[in-house]
Amino acid sequence: MLNYLSNPQRFMGFSAWAAPLFAVLATLLFAIGLPWALVFSPPDYQMGDTVRIMYLHVPAASLSLGIYAFMGIASFVSLVWRHVLADVAARAAAPIGATFAGICLVTGSFWGAPTWGTWWEWDGRLTSMLVLFIIYLGYIALWSAIEEEDRAARLAAILCLVGVINLPIVKFSVDWWSTLHQPASIMRSGGTSIDDSMIGPLATMAGAYAALFATLTLYGMRAAIFRRRVEAAELRNAA
Amino acid sequence: MNAFSVTFRRDFAMMWSGGGALAPLGYFFGATMLVPLAMGPERDLLAAAGPPLVWIAAALAVLATLERLFQADLEDGSLDQMLLSRAPLEWIVLAKACALWCAIGLPLALAGAPAAIALQAPVERVPAIVASLALGMAAFIGVGLVGAAITAGVKRGGVLIALIVLPFFAPPIIFGSAVASGEDVGAALLILAGCALGGLALGPIAAAAALRLQAE
């Protein structure tokens, strides 16, 4: 399927119906998830209502990691197989991943202030998430700094692959170091430790964030392809 | 004469000439001087918090030299000659990295001794701090090679290389500061050595890949 969609024409045809579909899905999931999470879910037995920040914080955090992994795979595919649209996908995904990482850091800070008594700590998890955010910024800046697009694409791909080493550090930081941030409750050996009444809204919000990512990335890729077509047409007219 | 020694001697001569290590050393001492100006000169406070800040000054100084590492070669065509040579580009890049470490990294590490003392580090700790800086410079250079290669063609790329490379400077700084504060010195030095060896082993590979793209 990746090969099938590497033709820009076919990709435009696919995204013409796929992007609006994901947009509708994202709207639906947010419409269900936000009230469920923020109003109708049970308060935590220790934290009370503060736990509701979790439904914004956790999906943003896991998706920012997942989006970077997506960019890493896209960069690898772009470098090795010269897939035509892989670098377009990575470039479109980067600002979304950066924003989700920013949301994770900010909502986490607001969550930590009442529960931990501090807005920020330099423990393993928070520091490595901040490093991830800065790596995102560097990747986005690199694309804008280099004039020729295909060279920019491949240099950015190399940078993205170098940064992939941070992903396991972020994921396992709560296991490797004694951190203030709590250890994993969902993706851990031995099954999840989170209460069933919270899994529903959490999964819905995760799906909503993921659908939002898919929507924005597909529209972003369409915009990039349209821009290339416009530039090509301008060049033809000038000739 | 093999490619490694030729490149090493050429780069060492270029870096050492025209003032050589003086500018990075001046930057290093200047940045060190700003620390007590910002923190206040009170001895106890400086002794507790000051020595690790030597690492920040060292990281910034080496970043300034990394920026020009490949730009000069890209501009005057030496990079094309390096690509044409029979030696692998990774090997030549490693030679440049070694030249940078000998010409500038090592002097910076040695300059760490007076800087650490100026920041009220206890004298017994200074040899460990110099050793950690020498290893840290190698780690910085290994990782910085990639950033330098990626931003080689960019005009005014100084801020960009800092943005790209600083996240990867974090591990050497964390463990180097541990040595400077005197905690777990042996373990921290070992991990620093690991960072240095890893950086020098893997950095040239990514840097050479980026340089091949720059030369097109």
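From a predicted model like this one, the values you see are computed outputs, not experimental measurements. (Residues numbered from 1 in each chain as written. Chains lettered and ligands numbered in written order. Predicted model: local features only at pLDDT ≥ 70, side-chain atom pairs only at ≥ 80, totals over all residues.)

S.K.: I would appreciate a short explanation of the overall build of chain A in the present structure.
M.R.: Scanning chain A from terminus to terminus reveals 7 helices and 0 strands. Listing each helix as α and each strand as β along chain A from the N terminus yields α-α-α-α-α-α-α. Along the first, second and third principal axes, the C-alpha set of chain A runs to 70 × 35 × 30 Å. Looking at chain A as a whole, 36% of its 239 residues qualify as buried. Long-range contacts, defined as pairs at least 24 residues apart, comprise 77% of the intrachain contacts of chain A with a sequence gap of at least 6. (Helix = DSSP H or I, 4+ residues; strand = E, 2+ residues; numbered from the N terminus. Buried ≥ 20, exposed ≤ 12 C-beta atoms within 10 Å, placed from the backbone. Contact = placed C-beta atoms within 7 Å.)

S.K.: Explain the environment of Pro 24 of chain B to me, please; I cannot follow it from the model alone.
M.R.: Residues and elements named next belong to chain B. The residue Pro 24 is located in helix H2 (residues 22-39) in this model. Distance in space between the C-alpha atoms of Pro 24 and Leu 108 is 7.8 Å, their sequence separation being 84 residues. Residues within four places of Pro 24 in sequence aside, it is in contact with Ala 61, Ala 64, Thr 65, Ile 104 and Leu 108.

S.K.: Mind showing me how you'd approach helix H3 (residues 86-115) of chain A here?
M.R.: Note: α-helices contain 3.6 residues per turn, so residues at a spacing of three or four share the same orientation. Residues and elements named next belong to chain A. Helix length check: H3, at 30 residues, gives a terminal C-alpha distance of 42 Å against a target of 44 Å (1.5 Å per residue), a fit within 8%. By the largest-angle criterion, Ala 94 marks the main kink of H3, which is about 30 degrees, and a proline, Pro 95, follows within four residues. Gly 117 sits one or two positions beyond H3 and adopts a positive phi of about 85 degrees. (Expected span 1.5 Å × (residues − 1). Bend = angle between axes of the 7 residues up to and from the residue.)

S.K.: What is the right way to read the packing of helix H1 (residues 8-40) of chain A against helix H7 (residues 196-238) of chain A from this model?
M.R.: Two numbers describe a pair of packed helices, the interaxial angle and the distance between the axes. Residue and element names in this part refer to chain A. Packing of H1 against H7 brings their axes to within 7 Å, and their N-to-C directions diverge by 150 degrees. Relative to H7, H1 is oriented roughly antiparallel. Considering the relative orientation of H1 and H7, their crossing is left-handed. Grouping the amino acids of the contact of H1 with H7 by side-chain chemistry returns 23 nonpolar, 5 polar and 1 charged. (Axes fitted to C-alpha atoms, helices over the stretch in contact; angles between N-to-C directions. Parallel < 35°, antiparallel > 145°, perpendicular 65-115°, else oblique. Left-handed = near helix turned anticlockwise from the far one by under 90°. Nonpolar A, V, L, I, M, F, W, Y, C, P; charged D, E, K, R; others polar.)

S.K.: Got a minute to help me understand H2 of chain B in this structure?
M.R.: All names here are of chain B. The first and last C-alpha atoms of H2 sit 26 Å apart over 18 residues, in line with the 26 Å expected at 1.5 Å per residue. Restricting attention to buried positions, one finds in H2 the residues Pro 24, Phe 28, Thr 32 and Val 35. Angular distribution of buried residues about the axis of H2 spans 75 degrees; they occupy a single face of the element. Of the exposed residues in H2, those oriented more than 90 degrees away from the buried face are Leu 22, Gly 30, Leu 34 and Leu 37. Its buried side turned inward, H2 meets helix H4 (53-67) and helix H7 (89-118). Positive backbone phi, at 90 degrees, marks Gly 40, one or two positions downstream of H2. (Arc of directions from axis to C-beta.)

S.K.: I'm lost on the interface of chain A and chain B in this one. Help?
M.R.: One frequent convention defines the size of an interface as the accessible area lost when the parts assemble. Facing 15 residues of chain A, the contacting portion of chain B comprises 16 residues. Looking at the side of chain A that touches chain B, the elements that each hand over two or more residues are helix H4 (124-145) and helix H5 (149-163) of chain A. Here the side of chain A that touches chain B takes 8 residues from H4 of chain A, the largest share from any one element. Looking at side-chain class alone, the side of chain A that touches chain B contains 12 nonpolar, 1 polar and 2 charged residues.

S.K.: Sorry, what's going on with unusual backbone geometry here?
M.R.: Most of the time, phi is negative for any residue but glycine, and the peptide bond is trans. In the Ramachandran plot, Arg 82 of chain A falls in the positive-phi region, its phi being about 50 degrees despite a non-glycine side chain. As for its position among the elements, Arg 82 of chain A is in the loop between helix H2 (54-81) and H3. The class of Arg 82 of chain A is exposed, set by 12 C-beta atoms lying within 10 Å. We note that Asp 184 of chain B has phi near 50 degrees; this positive angle belongs to a residue other than glycine. Assignment of secondary structure puts Asp 184 of chain B in the loop between helix H9 (158-181) and helix H10 (185-214).

S.K.: Is there a simple way to explain the environment of Val 93 of chain B in this structure?
M.R.: Residue and element names in this part refer to chain B. Tracing the backbone shows Val 93 in helix H7. When the C-alpha positions of Val 93 and Leu 69 are compared, they lie 10.0 Å apart, and in sequence the two are 24 residues distant. Not counting the four nearest positions on each side in its chain, Val 93 is found in contact with Leu 145, Pro 204, Ala 207 and Ala 208.

S.K.: How should the packing of H2 of chain A against helix H6 (residues 166-176) of chain A be read in this particular structure?
M.R.: Residue and element names in this part refer to chain A. Taken N-terminus to C-terminus, the directions of H2 and H6 make an angle of 160 degrees; their axes are 10 Å apart at the nearest point. The angle between H2 and H6 places the two elements in the roughly antiparallel class. Considering how the two elements wind past one another, H2 and H6 form a crossing that is left-handed. Contact with H2, carried on its side by Leu 65, Tyr 68 and Ala 69, involves Leu 167, Val 170 and Lys 171 of H6 and no other residues of that element.

S.K.: Could you clarify how one ought to interpret the confidence of the model for chain B in this entry?
M.R.: Reading fine detail from the predicted coordinates is not recommended where pLDDT is low. Considering every residue of chain B, the mean pLDDT works out to 89; 99% of them sit at 70 or more. Within chain B, helix H3 (residues 43-49) of chain B has the poorest average pLDDT of any element, 80, and helix H8 (residues 126-150) of chain B the best, 93. (pLDDT = per-residue confidence, 0-100.)

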